[in-house]
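# Structural description and commentary
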Amino acid sequence: MKKNYIFIFLLMVGTTSAYSQSEINPFNYHSKKDINVKNGAVVSAHPLASEAGLRMLREGGNAIDAAIATQLALAVVFPEAGNIGGGGFTVIHLSNGKNITIDYRETAPGKSFRDMYLDSAGNPLLNLSQNGHLASGVPGVIAGLFKCMKYAKLPFKKLIAPAIELAEKGFAITENEAYELNHYQGDFKKYSSVTPVFVRDTKWKAGDILVQKDLANTLKRIRDNGRKGFYEGETARLIVEEMQRGHGIISYSDLKNYQAKERAPIEFNYKGAKVITMPLPSSGGIILEQMLKMSEMNHLSKMKFETPQSINLMVEIERRCYADRGKYLGDPDFYKVPVKTLVSDAYLKERMSTFIPGKAGSSKDIKEGIIPESEQTTHFNVLDKDGNAVSVTTTINGGYGSRVVVGHAGFLLNNEMDDFSVKPGVPNMFGAVGQEANAIAPHKRMLSSMTPTIVLRNNKPWILVGTPGGTTIITSVYQTIVDIMDFGMDPHDAVNKPKFHHQWLPDVVYLEKGFDENVKNQLEEMGYKIQMRGAIGRTEVIMVNKDGSMTAVADHRGDDGAVGY
Ligand code: DON
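Overview of the structure.

Conventions used here
- Position numbers for residues count from 1 along each chain, tracking the sequence in the order it is written.
- pLDDT decides what is reported in this predicted model: residues at 70 or higher carry local features, side-chain atom pairs at 80 or more are listed and counted, and totals for whole chains, interfaces and linings draw on all residues regardless.
- Excluded from the side-chain calculation are hydrogens and water; included are all heavy atoms of the structure.
- Numbering of helices and strands runs from the N terminus; a helix is a DSSP stretch of H or I covering at least four residues, while a strand is a stretch of E covering at least two.
- Atoms counted for the radius of gyration: C-alpha only. Globule rule: 2.2 Å times residue count to the power 0.38.
- The accessible surface values rely on the Shrake-Rupley method and a 1.4 Å probe; as for residues, cover is taken only from the protein chains in view.
- Charge counting follows a simple rule: Lys and Arg are positive, Asp and Glu are negative, and His as well as the terminal groups are ignored.
- Where a charge lies is defined by one atom per residue type: Lys uses NZ, Arg uses CZ, Asp uses CG and Glu uses CD.
- Take the buried Ala, Val, Leu, Ile, Met, Phe, Trp, Tyr and Cys residues and link them wherever side-chain atoms come within 4.5 Å; each set so joined is a nonpolar core.
- Only protein chains enter the area calculation, which uses a 1.4 Å probe; residues under 20% of their type maximum are buried, those over 50% are exposed, and those in between are partly exposed.
- It only takes one pair of heavy atoms within 4.5 Å for two residues to be counted as in contact.
- By the convention used here, strands pair only if DSSP detects at least 2 bridges between them.
- Inter-axis angles, ranging from 0 to 180 degrees, are taken between N-to-C directions of lines fitted to C-alpha atoms, where helices are fitted over the stretch in contact.
- Convention used here: angles under 35 degrees read as roughly parallel, angles over 145 as roughly antiparallel, angles from 65 to 115 as roughly perpendicular, and any remaining angle as oblique.
- Crossing handedness is read from the near helix: turned anticlockwise from the far helix by less than a right angle, it gives a left-handed crossing, and turned clockwise, a right-handed one.
- Here the nonpolar group is Ala, Val, Leu, Ile, Met, Phe, Trp, Tyr, Cys and Pro; Asp, Glu, Lys and Arg are the charged ones; every other residue, Gly included, is treated as polar.
- What qualifies as a polar contact is a pair of N or O atoms within 3.5 Å, subject to a donor-acceptor requirement within protein and to the restriction that residues adjacent in sequence count only when both atoms come from side chains.
- Salt bridges are identified by distance alone: a Lys or Arg side-chain nitrogen within 4 Å of an Asp or Glu carboxyl oxygen.

### Digging into the overall build of the protein chain
- Counting its regular elements, the protein chain contains 18 helices and 21 strands.
- Over its C-alpha trace the protein chain gives a radius of gyration of 22 Å, about what one expects of a compact globule, namely 24 Å for 565 residues.
- Overall, the C-alpha framework of the protein chain stretches about 60 × 60 × 45 Å when taken along its three principal axes.
- When the accessible surface of the protein chain is split by element, carbon and sulfur atoms take 51% of a total near 19,900 Å².
- Looking at the protein chain, you have 65 positive and 62 negative side-chain charges, and the mean spots of the two groups are 3 Å apart.

The following block contains the structure:
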């Protein structure tokens, strides 16, 4: 396997830190992209966050402890997407065989209403669903972490310590983070009512130290008061006051009443392995199940990676699944979704009956099936020596979410309201369209594409996978799984080789840069409209090898880093 070590930058600052005893120093570090280890691995969007998780594994914690520490550290070192002001999903396989999912997706505030992003003539006001205070759903991350605590071994105080230290003492930012912070300066000034630490007069550059005192204080309140340290008291007051200054609508009672939910996972067999993934309100699990089952029915494993034949089949599968997503999927607590039918063999067979190999289908002809009954996010994986596995995707939706930093609390709020369908047929920022199933209603969860997934072989963790990328999340997880399971690819290539994406509307096949030019031409000859685009997702994989060792692969598309021991 190709080893790829990316050295981000080196900058020594004479500071003592708990990190100086471990492998990674927050003022001087690099990302390892591929590792092979025996006892435990963490792979996330940032090496310092991965390292926070590894510290917990080394100190006797399990994969759940490590996941909580990693997630909290991501909120500090990866403000673009890591967060405590957003939401997410966690999929867990415990070594005792139990599979669990935790849903801490944001909810629509109590004062929200169906047409809140339409003007008096019924035109969509996407600026309001995507930017600023009104774009935020009620954050779920902290409630989600405390819901996970019953599966953890170490005290919460220990799990949050690395995040507090990184916020208080600072860390050196990467070149990518410097670029993004510079890019969003105008938005931070425009949408935050109190100037946040991200704003400064000179340009950020790689190696600059980012210290976040307000965030450190918020994290300390959570350390000392548990979930109440976020949803009540001082932090709640700061959130509500921020809302009042910016004409947002999140209230004290929205915060106090927010509940994370443990839900039954989606579980299904694929080629003799068992896939454990996220149910609604993520569309990811249902669509992944549809895609993999259609792939098996249509003999994908007889085809090869990145050939016109395999892409033709996979694009037509993706087209049909995304048409269903737009029509049928939404928060199951608010809308009756025909889940059983959508993943049944008979339905999926019927959906592919119009597929003509070698020919591009059309989204004009292919609508949702007939049912008789009614770019910001981040993913990480942890696997411990006992076989506990955790796969987590969390989001504030767009880059730096709503760009509102809660005044004096130091964290960004999400712009997740845009994941609702603001009006039937009007595309959101990822081009996804929806209807009644995903209309806005108070306290409802907006539909997601996040697809944290664990594939078991012989009932033991085999592949842990997930990625950010909006609607491309599901197709990237699908492609990573079939690249390994159908095309026999190693995890390094399954993560890093170019991906493609089709989502029904628009009727375009997106090819990631680096895609084979010949294959592109042949797809055009079949009748596909092709559009080249930049990076698709940032996929993280941990795979268990036949000898029991673990290979962790961090995506080369970002600063992502894998650690282990
Ligand atoms: O939940 C969802 O599907 C979206 N909010 C995810 C957004 C995302 O992945 C952006 N990252 N690149």
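### Some thoughts on the nonpolar core
- Residues I68, L72, I84 and L219 are the most contacted members of the largest nonpolar core, which totals 88 residues.
- Of the residues forming this core, the biggest block, twelve residues, is contributed by helix 2 (residues 63-77).
- In this view, L72 contacts I84, I142, L145, F156, L159, I160, A163 and L219; residues no more than four positions away in its chain are not counted.
- Counting 83 residues, the second largest nonpolar core, distinct from the first, contains V275, I276, I473 and V509.

### Some points on the pairing of strand 12 (residues 377-384)
- Strand 12 sits mainly inside the fold: eight of its eight residues count as buried.
- Residues of strand 12 alternate between two faces, with T377, H379, N381 and L383 on one and T378, F380, V382 and D384 on the opposite face, all of them buried.
- Of the pairings in the sheet, the one linking strand 4 (residues 40-44) to strand 12 comprises four bridges and is antiparallel in character. Each residue of the ladder has a partner; that of V43, found in strand 12, is N381.
- Taken together, the seven bridges between strand 12 and strand 13 (residues 389-395) define a ladder with antiparallel strand orientation. Looking at strand 13, one finds that H379 is bridged to T393.

### Some words on the packing of helix 12 (residues 284-297) against helix 13 (residues 308-328)
- Two elements in contact, helix 12 and helix 13, have axes whose closest approach is 10 Å; the angle formed by their N-to-C orientations is 150°. For the element pair helix 12 / helix 13, the angle class is roughly antiparallel. Considering the relative orientation of helix 12 and helix 13, their crossing is right-handed. Counted together, I287, Q290, M291, M294 and S295 of helix 12 and I317, E318, R320, C321, Y322, D324 and R325 of helix 13 form the full contact between these two elements.
- Across the contact of helix 12 with helix 13, the residue classes break down as six nonpolar, two polar and four charged.

### Some points on the sheet that holds strand 13
- The strand order 9-6-5-13-12-4-21 describes an open sheet built from seven strands, whose pairing is antiparallel. Two strands in the sheet have a free side with no partner beyond their single neighbour: strand 9 (261-263) and strand 21 (561-564). With direction set aside, neighbouring strand axes in the sheet form an average angle of 15°.
- Bridge count for strand 5 (residues 87-93) against strand 13 is seven bridges, and the pairing is antiparallel. Across the sheet, T90 pairs through a bridge with V392, a residue of strand 13.
- Packed onto the sheet, helix 1 (residues 47-58) meets strand 4, strand 12 and strand 21 and runs at close to 160° relative to strand 4.

### Some thoughts on the packing of helix 1 against helix 2
- Closest axis-to-axis distance for the helix 1/helix 2 pair is 7 Å, and the angle between their directions is 150°. One finds that helix 1 runs roughly antiparallel with respect to helix 2. In this structure, helix 1 meets helix 2 at a crossing whose hand is right-handed. Residues L48, A49, S50, A52, G53, M56 and L57 of helix 1 form the contact with helix 2, whose own contacting residues are A63, D65, A66, A69, T70, A73, L74 and V77.
- Of the residues assigned to the contact of helix 1 with helix 2, the class counts are eleven nonpolar, three polar and one charged.

### Observations regarding the environment of H501
- On the secondary structure map, H501 appears in strand 16 (residues 500-501).
- Classification of H501 as buried rests on a relative accessible area of 1%.
- Linking H501 and I440, residues 61 residues apart in sequence, is a C-alpha distance of 27 Å.
- Here the side chain of H501 touches Q503 through a polar contact of 2.9 Å, side chain to side chain.

### Points about the pattern of salt bridges
- Applying the stated criterion to the full structure yields 31 salt bridges.
- A salt bridge links E106 to R105, with the nearest nitrogen and oxygen atoms 4.0 Å apart.
- The class of E106 is buried, set by a relative accessible area of 0%.
- With a shortest N-O distance of 2.7 Å, R319 and D507 are connected by a salt bridge.
- Classification of D507 as partly exposed rests on a relative accessible area of 28%.
- Connected through shared salt-bridge partners, D103, K261, R263, D333 and R445 make up one network.

### Digging into helix 4 (residues 141-148)
- With six of its eight residues buried, helix 4 lies for the most part within the structure.
- Within helix 4 the residues assigned to the buried category are V141, I142, A143, G144, L145 and C148.
- Among the structural elements, helix 2, strand 5, strand 6 (99-103), helix 8 (213-225) and helix 9 (228-231) are those in contact with the buried residues of helix 4.

### Some remarks on unusual backbone geometry
- For the bond running from L280 to P281, omega is 15°, close enough to zero to count as cis.
- In this structure, P281 sits in the loop between strand 11 (273-277) and helix 12.
- Cis peptide bonds are those with omega within 30 degrees of zero, and the linkage from L505 to P506 qualifies with 0°.
- Note that P506 resides in the loop between strand 16 and strand 17 (509-512).
- In this structure, K271 is a non-glycine residue whose phi angle is positive, near 50°.
- On the secondary structure map, K271 appears in the loop between strand 10 (266-270) and strand 11.
- You can call K271 partly exposed: its relative accessible area is 33%.

Distances and angles like these do not, on their own, reveal function.
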